[in-house]
Amino acid sequence: MDNERLPIKFFAPREIDELRVEGNRNQEPPRWLLTGQDLIDRSTQLLDAFHSFSDIFEQRVSSPIPFVFVAKMCEDATAKSRRKDIMNLFQTAEKSNVLGLISSDELIVKVESPAQMDEFGFRIGDYERNSYAISCLETFRQFEPIVQWDEENEAYKIKLIDFQNYETNIAMQRLFEQRLTEKSIAYQKTLYTSQVPVYKIKQAPKMTIDNLANDPSFEMIFSIEPMPQYTLSLDFVDHGNNVSPVYPVDGRRYETLGILDNGIASIPQLQPWMEGKRWTVYPENVISKTHGTFVAGVALYGDIFEEKDWIGHNGIKLFDAAIFPDPAKESLDEDDLIANIQEAIEANHEKVKVWNLSVSITREVDDSKFSDFAMALDALQEQYNILICKSAGNCQNFAMHLPKGRIHEGADSVLSLVVGSMAHKKGQFDCADIDNPSPFTRVGPGPEFIIKPEVAHYGGNAGTDNHGKLVISGVKSFSTNGTTIENAGTSFSTPRVASLATGLFQELDEKFDPLLIKGLIIHSATYSHNLHIPETERANQIGFGIPQNIHNILYNDPYEATLILRDTLAKGEYIDIMDFPMPKSLIQNGFYTGQIIATLVYEPILDPSQGIEYCQSNIDLKFGTYDSKMERDTQRRGILNPVGRQGSQNLFRESLYSKRLMRDNSSDFALRERLLIQYGDKYYPVKKYAVDLSELSDANKQHYITDGKKWYLTLRGLFREHTEQQASLERSIPKQDLCLIITVRDPNRIAPIYNDVTQGLDNYHFWHSNIKLTNDVTVNV
């Protein structure tokens, strides 16, 4: 019975499950609101600060560049509910003058006319009418460009202020370019995203940078910082033996994985699988093909080399996009790299849906902002409906007995699937035990504490010998002449996951859906029994773990059921499924038992102008029990939904579970699955929960999982104030695509969960369908 092939299922909310968000009926004034003399004093302080740069504004009133200043918020005033009042303070007609965040507690605001200057000053002084906004603000200051100087760097990138107006931005770009030309400063312009033009100037002395930052004619500049450069290295161990070529089978469907790297050598093992001609902007004599060949070999022959069934497909096509030259012959700046990636994907996105990017910058992510490289990768994925698998990056801190470094820039891409590395074997001098994080793999989290990397795979081990020399226990792949070599790095764990994503797409008879593919991979990920790191450190080190192979992802056994909900959630709506088909066969001794694993992947609204609040939307997931349904009076003010729940309890809360039971880490679930992260209202684009009902405290079992309880699942969207206000001004409705995957499992492998859930979906009149497969998924051993 265990060998039955039971496909995972799609299901959809019914019409009665799609509800409208009801307003907050609490009219009590908040405790943080200033009153009396405190309010008057704060208004006076703010007005003095505002008037301090009114003379500067008058001197440049004829300038075509809008005047901008910084509004510093009070330490506890950064919540969305309070931000709205500040934005309303500086709103004129149907236009928001708050441009975005430059740090977690500083807003940048524009003033376009003397009338606006007078109006804002009047509002700040009108403390009774604007008490909420005034209570949230600490002071104002004139905006100054963010400047970083590095005497070793000859190239700098310049970004302009996003004035949140298309015509103004275009005019400022033209003016900036004209003034650079007038001063004989050569520049190169690259659009990282449609909203983020970046200008590169080369061989710029410090005097030039200082003049640009302080010249009033360049007051449209937002930041000046060194232009990052990218490097590759390939230190390999020659294995000496060859692997015989494997060939495609005529008539079989093969999807293509794009290798964004330094080129793939035309060797017999890879040539039959190459799709079309190489894409590149470089002549043959500056392409080294070392790194790209190794990456391609891992993607196609990884299971064969290691004699494992880690991925489990029968081959995929490969596309060679040589975006990176031999660094010994030609350097590559960030803007050139991004332009190369953009051109390669634009020219080939119709035939290539999954891309592997194992190129990294040697600069760690910044807690206060998302990197320009990450935002460029996100823009490409949004525009072309593709999935990029990105390496987390490597560090050699272990060789100096230092902690691991944070992930590299680019690995903070919100939409990319970011991959860390695990050790697959251990040599004499290696630092990591088998199935533990490689000593060189960089760790999360990303900016705003988002979970990066999301998954990990086998990329090798490393250490230092008795003389302090670096040694590696690498994974196997090809050299440029086709011989087998070894190397280690996140560059080589990443193509395993990219290959898995391509193989999943290949087996599905569905239109390519990056959210679904990403969700399936993350949902399948588990931790090894051999993992030594604490539960609290797992997500930072290796995300949600190592994904399973294609067969295990797409099929259930009879004792579990996996459901996929693929939907779009708009502002003002939420999904509340009050008849979730929890199997009665899980009831034992009067209580529900079983394990529930839920993975939510969604495509948030992204706005590069909003700094650390780049992710502008969130989805909250709750799953649990309730006592009964109740009728609600929709004639009452604020009541929009005719049916509600009584006695609800979200079971995805760590506080409900027994600390004594959770300290017992001997169970298979505790070692491999347990995951209780308190997301709250954090704007994480991926959320995963894994709970075992047997670990609830005895009291909470009595309260929440007795056999008479009903089960619910709810999804509710949340949007930041900037997006809500922009949507209001544009008369549009913000929305976000989501993919929820939920598995219900009997750990005792007795209850017929698959059949019971299927029957429950029928009984409650849900639409459901087995996931469509091209053919039976085969397993390679």
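See the structure above.
So, here's what we can say about the structure. Keep in mind that this is a model prediction, so the values were computed, not measured. (Residues numbered from 1 in each chain as written. Predicted model: local features only at pLDDT ≥ 70, side-chain atom pairs only at ≥ 80, totals over all residues. Heavy atoms only, no water.)

## Notes on the pairing of strand E28 (residues 560–570)
And then number 1: The buried fraction of E28 is high, at nine of eleven residues.
And then number 2: Two strands pair when backbone bridges link them, and strand E2 (residues 9–12) and E28 are joined in this way by two bridges, in the parallel orientation. What sits directly across from phenylalanine 10, in E28, is isoleucine 564. (Buried < 20%, exposed > 50% of the residue type's maximum accessible area, 1.4 Å probe, protein only. Helix = DSSP H or I, 4+ residues; strand = E, 2+ residues; numbered from the N terminus. Pairing = 2+ DSSP bridges.)

## Some details on the packing of helix H9 (residues 334–348) against helix H10 (residues 372–384)
And then number 1: Where H9 meets H10, the closest approach of the two axes is 11 Å, and the angle between their N-to-C directions is 10°. With respect to their mutual orientation, H9 and H10 come out roughly parallel. Of the residues in H10, those in contact with Glu334, Leu337, Ile338, Ile341, Gln342, Ile345 and Glu346 of H9 are Asp372, Phe373, Ala376, Leu377, Leu380 and Tyr384.
And then number 2: Of the residues that constitute the contact of H9 with H10, the class distribution is nine nonpolar, one polar and three charged. (Axes fitted to C-alpha atoms, helices over the stretch in contact; angles between N-to-C directions. Parallel < 35°, antiparallel > 145°, perpendicular 65-115°, else oblique. Contact = heavy atoms within 4.5 Å. Nonpolar A, V, L, I, M, F, W, Y, C, P; charged D, E, K, R; others polar.)

## With respect to the side chain of threonine 599
And then number 1: You can see threonine 599 is positioned in strand E32 (residues 595–602).
And then number 2: Looking at threonine 599, its side chain comes within polar contact range of the side chain of histidine 523, at 2.8 Å. (Polar contact = N/O pair within 3.5 Å; in protein donor to acceptor, adjacent residues only side chain to side chain.)

## A closer look at the environment of isoleucine 221
And then number 1: One can find isoleucine 221 in strand E14 (residues 221–226).
And then number 2: Between the alpha carbons of isoleucine 221 and isoleucine 750 there is a distance of 65 Å; along the sequence they are 529 residues apart.
And then number 3: Apart from residues lying up to four places away in sequence, isoleucine 221 is in contact with Phe143, Pro145, Ile158, Lys159, Leu160, Ile161, Phe176 and Leu212.

## Remarks on the packing of aromatic side chains
And then number 1: Taken as a whole and assessed by the stated rule, the structure comprises 32 aromatic pairs.
And then number 2: Arranged with centres 5.6 Å apart and planes meeting at 80°, the rings of phenylalanine 50 and phenylalanine 69 form a pair that is edge-to-face. In this pair, phenylalanine 50 is assigned in helix H1 (residues 36–51) and phenylalanine 69 in strand E4 (residues 67–73), connecting sequence segments 19 residues apart. Assigned by exposure class, phenylalanine 50 and phenylalanine 69 land together as buried. (Phe/Tyr/Trp six-rings, centres within 6.5 Å; stacked < 30°, edge-to-face > 60°.)

## Focus on the layout of surface pockets
Which parts of space are left empty comes out when a probe the size of a water molecule is rolled across the atoms.
And then number 1: Taken as a whole, the second largest pocket spans an internal volume of roughly 1,200 Å³.
And then number 2: Going through the elements one at a time, strand E7 (98–103), strand E11 (155–160), helix H6 (166–182), strand E13 (196–202), E14, H10 and helix H18 (721–730) are the ones with two or more residues in the lining of the second largest pocket.
And then number 3: Of the residues assigned to the lining of the second largest pocket, the class counts are 24 nonpolar, 16 polar and nine charged. (1 Å grid on protein atoms, 1.4 Å probe; cavity = no way out; pocket = protein on both sides within 12 Å on 5 of 7 lines; lining within 4 Å. Points joined across faces, edges and corners; volume = space filled by probe spheres on them.)

## Concerning the state of the cysteines
And then number 1: A full pass over the atoms with the stated rule returns zero disulfides.
And then number 2: This cysteine, cysteine 395, is not joined by any disulfide, and cysteine 431 carries the nearest cysteine sulfur, 11 Å off.
And then number 3: In this structure cysteine 615 is not part of a disulfide, and its nearest cysteine sulfur, from cysteine 739, lies 18 Å away. (Disulfide = S-S within 2.5 Å.)

## Thoughts on the environment of isoleucine 108
And then number 1: Relative to the helices and strands, isoleucine 108 is located in strand E8 (residues 106–111).
And then number 2: Residue isoleucine 108 is classed as buried on the basis of its relative accessible area of 4%.
And then number 3: Linking isoleucine 108 and alanine 71, residues 37 residues apart in sequence, is a C-alpha distance of 6.3 Å.
And then number 4: Aside from chain neighbours lying at most four places away, what touches isoleucine 108 is Val68, Phe69, Asn97, Val98, Leu99, Gly100, Ile102, Phe143 and Ile161.

## Quick notes on H9
And then number 1: Look at H9: 21 Å from first C-alpha to last across 15 residues, which is about the 21 Å you get at 1.5 Å a residue.
And then number 2: In terms of burial, H9 is a largely internal element, eleven of the 15 residues being buried.
And then number 3: Within H9, the full set of buried residues consists of Glu334, Asp335, Leu337, Ile338, Ala339, Asn340, Ile341, Gln342, Ala344, Ile345 and Asn348. (Expected span 1.5 Å × (residues − 1).)

## A word on the nonpolar core
And then number 1: Residues Leu318, Leu520, Leu554, Met582, Leu693 and Leu715 are the most contacted members of the largest nonpolar core, which totals 129 residues.
And then number 2: Of the residues forming this core, the biggest block, eight residues, is contributed by helix H8 (residues 290–306).
And then number 3: Counting 34 residues, the second largest nonpolar core, distinct from the first, contains Val196, Met227, Ile287 and Phe324. (Core = buried A, V, L, I, M, F, W, Y, C linked by side-chain atoms within 4.5 Å.)

## Considering the pattern of salt bridges
And then number 1: Tallying each qualifying case throughout the model produces 39 salt bridges.
And then number 2: Aspartate 335 is the partner of lysine 200 in a salt bridge, and the nearest nitrogen-oxygen pair spans 3.1 Å. Taken together, the residues lysine 200 in strand E13 and aspartate 335 in helix H9 connect sequence positions 135 residues apart.
And then number 3: For aspartate 335, a relative accessible area of 0% puts it in the buried group.
And then number 4: Put simply, arginine 674 and glutamate 535 hold a salt bridge, and the shortest N to O gap is 2.8 Å. (Salt bridge = Lys/Arg side-chain N within 4 Å of Asp/Glu carboxyl O.)

## Considerations on the sheet that holds strand E37 (residues 686–692)
And then number 1: Taken in spatial order, the six strands line up as E37-E32-E39-E28-E2-E40 in an open sheet, and their pairing is mixed. Both edges of this open sheet fall to E37 and strand E40 (767–770), since each of them pairs with a single strand only. Recorded for the sheet is a direction-independent mean angle of 20° between the axes of neighbouring strands.
And then number 2: Sheet analysis places E28 next to strand E39 (residues 735–745), joined by eleven bridges and oriented antiparallel. Among the inter-strand pairings, aspartate 567 is bridged to a residue of E39, identified as leucine 738.
And then number 3: Relative to E28, helix H19 (residues 753–763) is tilted by about 40°, and along the sheet it contacts E2, E28, E39 and E40.

## Structural notes on unusual backbone geometry
And then number 1: Backbone torsion omega between glycine 444 and proline 445 reads 5°, so that peptide bond is classified as cis.
And then number 2: Structurally, the position occupied by proline 445 is in the loop between strand E21 (417–422) and strand E22 (455–458).
And then number 3: For the bond running from lysine 452 to proline 453, omega is 0°, close enough to zero to count as cis.
And then number 4: Along the polypeptide, proline 453 turns up in the loop between E21 and E22.
And then number 5: Of note, the phi angle at glutamine 164 is positive, near 60°, even though the residue is not glycine.
And then number 6: Note on placement: glutamine 164 falls in the loop between E11 and H6.

## Focus: the sheet that holds E14
And then number 1: Taken in spatial order, the five strands make up an open sheet running E10-E14-E11-E13-E12, and their pairing is mixed. Strands with a single pairing partner mark the edges of an open sheet, and in this sheet they are strand E10 (146–147) and strand E12 (188–193).
And then number 2: Judged from the two bridges that link them, E10 and E14 form a sheet pairing that is parallel. Among the inter-strand pairings, isoleucine 146 is bridged to a residue of E14, identified as serine 223.
And then number 3: This element, helix H7 (residues 206–214), spans E10, E11, E13 and E14 of the sheet and lies at about 165° to E14.
And then number 4: Sitting on the sheet, H10 touches E11, E12 and E14, and the angle it makes with E12 is about 60°.

## As for the packing of helix H11 (residues 490–507) against helix H12 (residues 514–524)
And then number 1: With their axes 10 Å apart at the nearest point, H11 and H12 run at an angle of 120° to one another. When the axis of H11 is compared with that of H12, the two are oblique. When the axes of H11 and H12 are compared, the crossing they make is right-handed. Packed against H11, whose contacting residues are Val497, Leu500, Ala501, Leu504 and Phe505, the element H12 presents Ile517, Leu520 and Ile521 at the interface.
And then number 2: Residue composition of the contact of H11 with H12, grouped by class: eight nonpolar, no polar and no charged. (Left-handed = near helix turned anticlockwise from the far one by under 90°.)

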